[in-house]
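Overview (structure and organization)
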Amino acid sequence: LNGYAGMIMVSLMFRTVSRTLVNVHRNNMCAEYHSLLLTKVLQSPVSFFDVTPIGRIINRFSQDLSVIDDLLSHSIGQMVSVGGGCIAAIAAIAGATKGTFLLLVIPLIYIYSLFDAYYRASNTAIARIESVTRSPIYSDFSQVLAGTTTVRAYKCESKYIDRLEQYSNQNTIPGVMQLVSYQWLSIRLDILGSIVTLFMGVLAVASKGSGFIPAGYLGVGLSYAISMMSLLKYYVTTASQVCVYGV
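Everything in this summary refers to the structure shown in the same document. (Residues numbered from 1 in each chain as written. Predicted model: local features only at pLDDT ≥ 70, side-chain atom pairs only at ≥ 80, totals over all residues. Heavy atoms only, no water.)

Describing helix H6 (residues 157-206)
The condition that has to hold: Numbering of helices and strands starts at the N terminus; helices are DSSP runs of H or I of at least 4 residues and strands are runs of E of at least 2. For a helix, the expected span equals 1.5 Å multiplied by the number of residues minus one. Think of it in three bands: with a 1.4 Å probe and only protein chains considered, a residue is buried below 20% of the maximum accessible area for its type, exposed above 50%, and partly exposed in between.
In this model, H6 (50 residues) spans 73 Å end to end at C-alpha, consistent with the 74 Å of a helix rising 1.5 Å per residue. Restricting attention to buried positions, one finds in H6 the residues Asn171, Pro174, Ser181, Leu185, Ser186, Leu189, Leu192, Gly193, Val196, Met200 and Leu203.

What follows is the structure in structure tokens.
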């Protein structure tokens, strides 16, 4: 119990330090990126605004800066925190089983890396498509707002409403595909988690009465085995978000 309490205290200490560093880095990064983007846009020649849709520029100052300010820094902090939790869970299970769990860790890590690489590649491609299909919404809507009087004069409201609905439907498809890809990952990681739980259950039954592994150690290992796969699932999600937002 003393060792377990010590691990919790160390985890809380590292989490406090990491959150403080991430918040400081977030504030500095947000100010630097916004200043750099504003400077580049204001210094651009007139030809840049002639060939670049206004919706694309608005998208950079609204959605993209929001991603950098909030989602990217938050995802980096969560990835570091969850990654440390995954390592701690594997170490706790290995210690509780006196190293027996390491026989299962190596093939599981290999299978997990395959799922991780496939999910990240597909999720990054889908996120890029979502970003591309979002720009026409901003561009068309801003143009309609600028020419509202002309649109009403020619009674073209329904035309622009239908086109906006079409753009919105095209933008919704990548979002649905992201949800489908996450469910694909969840099913496979749940299977890996079931394998780890089955291993701990078989080990508990096999060591009954032998005294090789105490019952308390097996309880701690089984508890971490249940939570480890949820941590790995969350780690893959945050890592893929960092890859998408970083690109």
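Picking up after the structure, the text goes on.
Considering the side chain of Arg134
Counted only if it meets this: Here a polar contact means two N or O atoms within 3.5 Å. Within protein one must be a hydrogen donor candidate and the other an acceptor candidate, and residues neighboring in sequence count only if both atoms are side-chain atoms.
With respect to the secondary-structure elements, Arg134 resides in helix H4 (residues 102-146). Polar side-chain contacts of Arg134 include one of 2.6 Å to the side chain of Glu130.

Here we look at the nonpolar core
This is how it is decided: Only buried Ala, Val, Leu, Ile, Met, Phe, Trp, Tyr and Cys residues count toward a nonpolar core, and they belong to the same one when joined by side-chain atoms within 4.5 Å. Note on contacts: a residue pair qualifies if any of its non-hydrogen atoms lie within 4.5 Å across the two residues.
Ile93, Phe101, Leu192, Val196 and Met228 are the most contacted members of the largest nonpolar core, which has 26 residues in total. Excluding its chain neighbours within four sequence positions, the residues that come into contact with Ile93 are Phe101, Met200, Gly221, Tyr224, Ala225 and Met228.

Describing the pattern of salt bridges
The condition that has to hold: Between Lys or Arg on one side and Asp or Glu on the other, a salt bridge is scored when a side-chain nitrogen of the former is within 4 Å of a carboxyl oxygen of the latter.
Considering all chains together, one arrives at three salt bridges under this definition. The partner of Arg120 in a salt bridge is Asp116, and the shortest N-O contact between them spans 3.0 Å. On the criterion of helical spacing, the pair formed by Arg120 and Asp116 is a turn pair, its members being four residues apart in helix H4. Arg120 sits in the partly exposed class, given a relative accessible area of 22%. A salt bridge links Asp140 to Arg163, with the shortest nitrogen-to-oxygen separation between them at 2.6 Å. Of the two residues, Asp140 is situated in helix H4 and Arg163 in helix H6; the sequence distance between them amounts to 23 residues.

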